[in-house]
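Structure assessment
Below, each chain spelled out in residue letters.
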Amino acid sequence: MNRLKNKKILLIMPFFYHYEDAIRAHLERAGAEVWLVDTNIHAYGLGKKLVMFYTKALRDQLVYRYYEHALRDVPDTLDEVMIIKGTWMTDEVLHALQARFASADFRIYHWDSVATFPDQLRINRFFTKIYTFDPVDAAQYSWIYRPTFFEEEICHPSEEKRYDFLLICSMHTRRMEVLRKLKALAEKQQKTLYSYIYVPRLQYIRETLLRHNPLYEGARDALHFQPLPQAETYALYPHTRCIVDYTFPQQNGFSMRTYDAMGCHCKLLTNNPHVKDADFYDPQNIYVYDPDHFEIPADFLDTPYRPLPAEVYDRYRLDGFLQELFG
């Protein structure tokens, strides 16, 4: 990333799971000066929490004022403007950005599928380069396909394994069904399972006390009212033989668990069939399951994780991700 030395970069992205701090740190390590702006407008103040309930005119005004305030200390002479996801980015805001930072190169990275966030089709005209994590969208719209990454600073392989399967996720009926089937399979194959499912307290009360949902009753020991802190999650990964992933059908891009498994040298169970086309796919390391007919070969965990070529790990480290985005 030598071309970033002394470059001035504006990075506009949602703040989540400290990824914004990690990306900024890597860019600064490459010699860039970085200004960071959060797209999660609803995270700032009660009025902004209600932004999605406003009329379009009021919402657009609020968004415009938010960016005016957020960008007040950013210099006009930027080299790069990189937007990740682009949630709440109105035409008025994007026009204002281009007018103010006229000398900057504008790029965007779509960390959502068009099926999930169709508004990206509207905002793409403002950018010279368009990247996406979704292989299907990349092929359909002729965008640059760039999968995401793992962080080498927090992904640490270990030979000491405590769990055979690990499932950490937020509550959803399909994930609960996968958990139920996974528990049955683990018992049958005499494997250990660590499961942690985050569910909002009110949702839990509604489903257990009012609806008597059997999925909740059968997974009571795995349910928690607070998400598992990221540090604790990454402390578990290296001591796990196989990380379990469930991707919603409308998402073709790979989840971060896919790359965390790679970085921690864990095997992966996923229902995303597109992983078979990835350059990191190895059937000894990754098994694609069918959520409706949940079967996993009994010998899948009995074979060791097979290390990938060094150039594959290099591509999927955070530095490799940023090298492509800013290259």
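Rules behind the numbers
- Residue numbering note: each chain is counted from 1, following its sequence as written.
- Two thresholds apply to this predicted model, a pLDDT of at least 70 for residue-level local features and 80 or more for giving and counting side-chain atom pairs, whereas whole-chain, interface and lining totals are computed over all residues.
- Only hydrogens and water are set aside when side-chain values are computed; all heavy atoms of the structure are taken into account.
- Put simply, DSSP H or I for four residues or longer makes a helix, DSSP E for two residues or longer makes a strand, and each gets a number counted from the N terminus.
- The globule rule used for comparison is 2.2 Å times the number of residues to the exponent 0.38, while the radius of gyration itself is calculated over C-alpha atoms.
- Relative accessible area decides the class of each residue, using a 1.4 Å probe on protein chains only: under 20% of the type maximum gives buried, over 50% gives exposed, and in between gives partly exposed.
- Whether two residues are in contact is decided by their heavy atoms, any of which lying within 4.5 Å being enough.
- Each accessible area value is a Shrake-Rupley result obtained with a 1.4 Å probe; residue values ignore everything except the protein chains displayed when judging cover.
- Under the convention used here, Asp and Glu are negative, Lys and Arg are positive, and both His and the chain ends fall outside the count.
- For charged residues, the charge sits on one atom: NZ in Lys, CZ in Arg, CG in Asp, CD in Glu.
- Here, a salt bridge means any side-chain nitrogen of Lys or Arg that lies within 4 Å of a carboxyl oxygen of Asp or Glu.
- To get an axis, a line is fitted to the C-alpha atoms, and for a helix only the part in contact is used. The angle between two axes follows their N-to-C directions and goes from 0 to 180 degrees.
- When describing relative orientation, an angle under 35 degrees is termed roughly parallel and one over 145 degrees roughly antiparallel, while 65 to 115 degrees is termed roughly perpendicular and anything else oblique.
- Residue polarity is assigned by list, with Asp, Glu, Lys and Arg as charged and Ala, Val, Leu, Ile, Met, Phe, Trp, Tyr, Cys and Pro as nonpolar; anything else, Gly included, falls into the polar class.
- For the handedness criterion, the strands are oriented away from the viewer, and a crossover whose path from the first strand over the helix to the second runs clockwise is classed as right-handed.
- Two strands make a pair as long as DSSP finds a minimum of two bridges between them.
- A pocket, in this scheme, is an open set of points on a 1 Å grid over the protein atoms alone with protein on both sides within 12 Å along at least 5 of 7 lines, while a cavity is a set where a 1.4 Å probe fits but cannot get out; residues line either one if an atom lies within 4 Å of a point.
- Grid points are joined across faces, edges and corners, and a volume is the space filled by probe spheres set on the points.

In terms of helices and strands, the protein chain carries 13 helices and 12 strands. The C-alpha atoms of the protein chain give 21 Å as radius of gyration, which agrees with the globular expectation for 327 residues (20 Å, within 12%). In terms of principal-axis extent, the alpha carbons of the protein chain reach across some 65 × 50 × 35 Å. A total of 327 residues make up the protein chain; the buried ones form 50% of that total. Contacts spanning at least 24 positions in sequence make up 68% of the contacts within the protein chain whose residues lie at least 6 apart. For the protein chain, the accessible area works out to roughly 15,600 Å², and carbon and sulfur atoms hold 53% of it. Of the charged side chains in the protein chain, 39 are positive and 44 negative; the average position of the first set lies 3 Å away from that of the second.

In this section: unusual backbone geometry. Of note, H18 is a non-glycine position whose phi angle comes to about 60°, a positive value. Mapped onto the secondary structure, H18 falls in the loop between β1 (8–13) and α1 (19–29).

For the structure on display, the rule yields 24 salt bridges. A salt bridge links E80 to R107; the nearest nitrogen and oxygen atoms lie 3.9 Å apart. Within this pair, whereas E80 is found in strand β3 (residues 80–84), its partner R107 is found in strand β4 (residues 105–110), the two being separated by 27 residues in sequence. Residues E80 and R107 agree in their burial class; the two are buried. Note that E324 is salt-bridged to R315, the shortest N-O span being 3.0 Å. Here R315 falls in the partly exposed class, since its relative accessible area comes to 24%. Several salt bridges converge on common partners, so that one network encompasses R3, E80, D105 and R107.

Glancing now at the packing of α1 against helix α13 (residues 318–325). Taken N-terminus to C-terminus, the directions of α1 and α13 make an angle of 70°; their axes are 10 Å apart at the nearest point. With respect to their mutual orientation, α1 and α13 come out roughly perpendicular. Across from A22, I23, H26 and L27 in α1, the residues of α13 making contact are L318, D319 and L322. Tallied by class, residues from the contact of α1 with α13 come to 5 nonpolar, 1 polar and 1 charged.

So, about helix α11 (residues 256–263). Of all 8 residues that make up α11, 8 are buried, and the element is covered over most of its length. Buried within α11 we find M256, R257, T258, Y259, D260, A261, M262 and G263. Check the buried side of α11 and you find it contacts α1, β7 (163–170), α10 (230–236), β10 (240–244), β11 (267–270) and α12 (310–316). Among the residues trailing α11, H265 stands out with phi positive, at a value near 55°.

The buried fraction of β1 amounts to 5 of the 6 residues, a majority that puts the element mostly inside the structure. As for the winding sense of the linkage, the β-α-β connection from β1 through α1 to strand β2 (residues 33–38) is right-handed. Note: β1 against β3, 4 bridges, orientation parallel. Note that in β3 the partner of I9 across the bridge is E80.

This part is about the layout of surface pockets. For the largest pocket, the calculated volume is near 1,100 Å³. Forming the walls of the largest pocket are 34 residues, and the residues nearest its centre are Y17, R175, S255, M256 and R257. Put simply, the parts of the chain that give the lining of the largest pocket at least two residues each are β7, β8 (193–198), α10 and α11. Here the lining of the largest pocket is composed, by residue class, of 19 nonpolar, 9 polar and 6 charged. Looking at the second largest pocket, its volume works out to about 270 Å³. Lining the second largest pocket are 15 residues, and of these E159, K161, H265, P304 and Y305 lie nearest its centre. In the lining of the second largest pocket, the residues fall into 7 nonpolar, 3 polar and 5 charged.

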